[in-house]
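# Working through the structure, step by step
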Amino acid sequence: MTSQESTEPVLDATDARLLLELTASPRATGVELAARLGLSRNTVQARLARWEAAGVLRSFELRVQPRALGYRLSAFVAVVVDQHRLDAVVDELAEVPEVTEACGMTGPTDLTVRVVARDADDLYRIAGQILKIPGVVRTNMTLVMQELVGPRTAPLLRRLAEPD
């Protein structure tokens, strides 16, 4: 077990039901959620507070679609990095506004970076910016043609919420 796994909270079926309701109605108040699920308001508030403190709930910014901001293109960039500079490369990537996600990987590449761009010229500029980061050895870019299954957790929450 990694140190991250040992500190991650374990959610139960009630948590899953509450999160599903919150997913369906993100603006619902604690009182509304409690009434819909047959829970006390204090139970709902305590669980919401626990999730906030533990980082279970992600940022609201994930709900904003880059397309609405004028970023019509999306791509994944596979990045090979000089391992001695990995942390510095990640720090530099975090400073690029068009980098929306970066994940450490196993296999022939070290990082997979999701970027957004306004058009092909903008994507070319961003790719060049990533290549200029000291410690980046090489990149390989794949353009996203269409997002078929977006980021989601609802199916996992439904599985957890269902009684055995």
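Let me sum up the structure you'll find in this document. Think of each chain on its own: its residues are numbered from 1, step by step along the sequence as written. Where totals are concerned, whole chains, interfaces and linings use all residues; where local detail is concerned, this predicted model gives features only for residues with pLDDT of at least 70, and gives and counts side-chain atom pairs only at 80 or more. Note that the side-chain values use all heavy atoms of the structure and ignore hydrogens as well as water.

## Considerations on the side chain of aspartate 110
Counted only if it meets this: In this text, helices come from DSSP runs of H or I with a minimum length of four residues, and strands from runs of E with a minimum of two, each type numbered from the N-terminal end. In this scheme, a residue with accessible area under 20% of its type's maximum is buried, one over 50% is exposed, and one in between is partly exposed, where area comes from a 1.4 Å probe on protein chains only. The positive count covers Lys and Arg only, the negative count covers Asp and Glu only, and His and the chain ends enter neither. Here a salt bridge means any side-chain nitrogen of Lys or Arg lying within 4 Å of a carboxyl oxygen belonging to Asp or Glu. Contacts are assigned to residue pairs that have any heavy atoms within 4.5 Å of one another.
Looking at the element boundaries, aspartate 110 is found in the loop between β2 (99–104) and β3 (111–117). Despite its burial, aspartate 110 remains without a salt bridge, the nearest opposite charge being carried by arginine 138 at 7.8 Å. Setting aside its immediate chain neighbours within four residues, aspartate 110 contacts Val79, Val80, Val81, Gln83, Cys103, Gly104 and Met105.

## Let's talk about the layout of surface pockets
To be explicit about the condition: Of the grid points, spaced at 1 Å and generated over the protein atoms alone, those admitting a 1.4 Å probe that cannot get out make up cavities, while open sets with protein on both sides within 12 Å along at least five of seven lines make up pockets; any residue with an atom within 4 Å of a point is treated as lining. Grid points are joined across faces, edges and corners, and a volume is the space filled by probe spheres set on the points. Polarity classes work like this: nonpolar for Ala, Val, Leu, Ile, Met, Phe, Trp, Tyr, Cys and Pro, charged for Asp, Glu, Lys and Arg, and polar for all others, with Gly in that last group. What fixes the domain bounds is an automatic or database domain assignment.
Computed from the structure, the largest pocket encloses a volume of approximately 2300 Å³. Taken together, 49 residues make up the lining of the largest pocket; nearest its centre are Arg58, Ser59, Leu62, Arg63 and Pro151. At the level of elements, α2 (13–24), α4 (41–54), β1 (73–81), β2, β3 and α7 (154–161) are the ones that each hand at least two residues to the lining of the largest pocket. Taken together, the residues of the lining of the largest pocket sort by class into 27 nonpolar, nine polar and 13 charged. Looking at which domains feed residues into the lining of the largest pocket, each of domain 1 (13–61) and domain 2 (68–144) gives three or more.

## With respect to the pairing of β1
The test is simple: Paired strands are those between which DSSP finds at least two bridges.
Where burial is concerned, most of β1 is hidden: seven out of the nine residues are buried. Where β1 lies against β3, seven bridges are found, and the strand directions are antiparallel. Opposite leucine 73, over in β3, you have alanine 117 as the bridge partner. Bridge count for β1 against strand β4 (residues 136–143) is seven bridges, and the pairing is antiparallel. The residue of β4 that forms the bridge with valine 80 is arginine 138.

## What to know about the sheet that holds β3
Selection criterion: Structural elements are reduced to axes, namely lines fitted to C-alpha atoms, with helices fitted over the stretch in contact, and the angle between N-to-C directions of any two is expressed from 0 to 180 degrees.
Within the open sheet, the four strands sit side by side as β2-β3-β1-β4. Their pairing is antiparallel. The sheet is open, and its two borders are formed by β2 and β4, each paired with just one other strand. Across the sheet, the mean angle separating the axes of adjacent strands is 20° when strand polarity is ignored. Along the sheet, helix α5 (residues 86–94) makes contact with β1, β2, β3 and β4, crossing β3 at roughly 15°. Strands in contact with helix α6 (residues 120–131) are β1, β3 and β4; relative to β4, the strand with the most contacts, it is inclined by about 155°.

## Quick notes on the packing of helix α3 (residues 30–37) against α4
Threshold: The hand of a helix crossing depends on one turn: near helix anticlockwise from the far one by less than a right angle means left-handed, and clockwise means right-handed.
At a minimum axis separation of 8 Å, α3 and α4 run at an interaxial angle of 115°. Here α3 and α4 pass one another in a crossing that is right-handed. Across from Gly30, Val31, Leu33 and Ala34 in α3, the residues of α4 making contact are Arg41, Val44 and Gln45. Here the contact of α3 with α4 is composed, by residue class, of four nonpolar, two polar and one charged.

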